[in-house]
Amino acid sequence: MSIVLYGRFRVSDPRLRDVLECMADALSRTVRITSGDRDFVPRGGALNSLHRSNEAIDFHVDGLADEQAFQLLRSKRREVFGSDTGNAFRYQIIRHGPYTETQGPHLHLGYAPPGIQNIRRGFMVEGLVRGQRYTVVENP
């Protein structure tokens, strides 16, 4: 069964909740939220994090390594984000690896509102190798 498990984490943005449901359906997997809305900056986190404006979540997909889930999300972007291919690029989809500055490997989904400058958008990786900063895999 494809479901989203929020656990104790709050996700107040309806756009993120909708994408999470589409993600679970498209991947035929359970999506487990590991972080949602927050009013603090964790170790290694950014002061301008979309989590602090309630526009980001961190997650894992049951039965898939983060790398597999990330690649599947790229290949199924129309099912997850809608038929307009540009829809995915309103979001940031980040695969944080073992050398991430933020609380261990995970996937991140953030809504990057149009018109806001200096917000990375598209599919990115960070921390796959020691010292790796954000690297764009695919963007608009």
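Figured I'd write up the structure that's included with this text. Because the structure is predicted, anything quoted here is derived from the model rather than measured. (Residues numbered from 1 in each chain as written. Predicted model: local features only at pLDDT ≥ 70, side-chain atom pairs only at ≥ 80, totals over all residues. Heavy atoms only, no water.)

### Focus: the overall build of the chain
Counting its secondary structure elements, the chain contains three helices and seven strands. In the chain, the succession of helices and strands from N to C terminus is β-α-β-β-α-α-β-β-β-β. Taking all 140 residues of the chain together, 45% fall into the buried category. Counting every atom, the chain has about 7,400 Å² of accessible surface; 47% of that belongs to carbon and sulfur. (Helix = DSSP H or I, 4+ residues; strand = E, 2+ residues; numbered from the N terminus. Buried < 20%, exposed > 50% of the residue type's maximum accessible area, 1.4 Å probe, protein only. Areas by Shrake-Rupley, 256 points an atom, 1.4 Å probe, with all protein chains shown as cover.)

### Quick word on the sheet that holds strand E5 (residues 106-111)
If you trace the seven strands from one edge of the open sheet to the other, you get E1-E2-E3-E5-E4-E6-E7, paired in mixed fashion. Lying at the two open borders of the sheet, with one neighbouring strand each, are strand E1 (4-5) and strand E7 (135-138). Packed on one face of the sheet, helix H1 (residues 14-27) meets E1, strand E2 (31-35), strand E3 (56-61), strand E4 (91-96) and E5 and runs near 135° to E5. Taken strand by strand, helix H2 (residues 66-75) contacts E3, E4, E5, strand E6 (122-126) and E7, and its axis lies near 155° from that of E4. (Pairing = 2+ DSSP bridges. Contact = heavy atoms within 4.5 Å. Axes fitted to C-alpha atoms, helices over the stretch in contact; angles between N-to-C directions.)

### Considerations on the packing of aromatic side chains
Evaluation of the coordinates by the stated rule reveals four aromatic pairs. Ring centres of Phe81 and Phe123 lie 6.5 Å apart, and the angle between their planes is 85°; on these two criteria the pair is classed as edge-to-face. Taken together, the positions of Phe81 in helix H3 (residues 77-81) and Phe123 in strand E6 put the pair 42 residues apart, joining distant regions of the chain. Between Tyr91 and Tyr111 the ring centres are 5.2 Å apart and the planes differ by 70°, which places this aromatic pair in the edge-to-face class. Of this pair, Tyr91 sits in strand E4 while Tyr111 sits in strand E5; the two residues are 20 residues apart in sequence, bridging distant segments of the chain. Looking at Tyr111, the relative accessible area reads 9%, which means it is buried. By the ring-pair criterion, three or more aromatic residues cluster together here, those being Phe70, Phe81, Tyr91, Tyr111 and Phe123. Lying over the aromatic face of Tyr111, Arg15 brings its terminal NZ or CZ to 3.8 Å of the ring centre. (Phe/Tyr/Trp six-rings, centres within 6.5 Å; stacked < 30°, edge-to-face > 60°. Lys NZ or Arg CZ within 6 Å of the ring centre and 35° of its normal.)

### Section: H1
Here H1 spans 20 Å end to end across 14 residues, near enough to the 20 Å set by a 1.5 Å rise per residue. Among the residues of H1, Leu16, Val19, Leu20, Met23, Ala24, Ala26 and Leu27 are the ones counted as buried. The arc that holds the buried residues of H1, viewed along the axis, is 165°, so those residues lie on one side. With respect to the buried face of H1, the exposed residues turned more than 90 degrees away are Asp18 and Asp25. Downstream of H1 by one or two residues, Ser28 has phi in the positive range, about 55°. (Expected span 1.5 Å × (residues − 1). Arc of directions from axis to C-beta.)

### Some details on the pattern of salt bridges
Note that side chains of opposite charge can pair when their charged atoms are close. On inspection of all chains with the given rule, the structure shows seven salt bridges. Between Asp37 and Arg10 there is a salt bridge, and its shortest N-O distance comes to 3.6 Å. Pair noted here: Asp37 is in the loop between E2 and E3 and Arg10 is in the loop between E1 and H1, with a separation of 27 residues, a long-range link. Among the residues examined, Asp37 registers a relative accessible area of 16% and is labelled buried. A relative accessible area of 57% means that Arg10 is categorised as exposed. Between Arg38 and Asp58 there is a salt bridge, and its shortest N-O distance comes to 4.0 Å. (Salt bridge = Lys/Arg side-chain N within 4 Å of Asp/Glu carboxyl O.)

### Some details on the nonpolar core
Grouped together as the largest cluster of nonpolar side chains are 28 residues, with contacts concentrated most on Met23, Val31, Phe59 and Leu109. When contributions to this core are tallied by element, the ones reaching two or more residues are H1, E2, E3, H2, H3, E4, E5 and E6. Ignoring any residue separated from it by four or fewer positions in sequence, one finds Met23 in contact with Val31, Phe59, Leu73, Val80 and Leu109. (Core = buried A, V, L, I, M, F, W, Y, C linked by side-chain atoms within 4.5 Å.)

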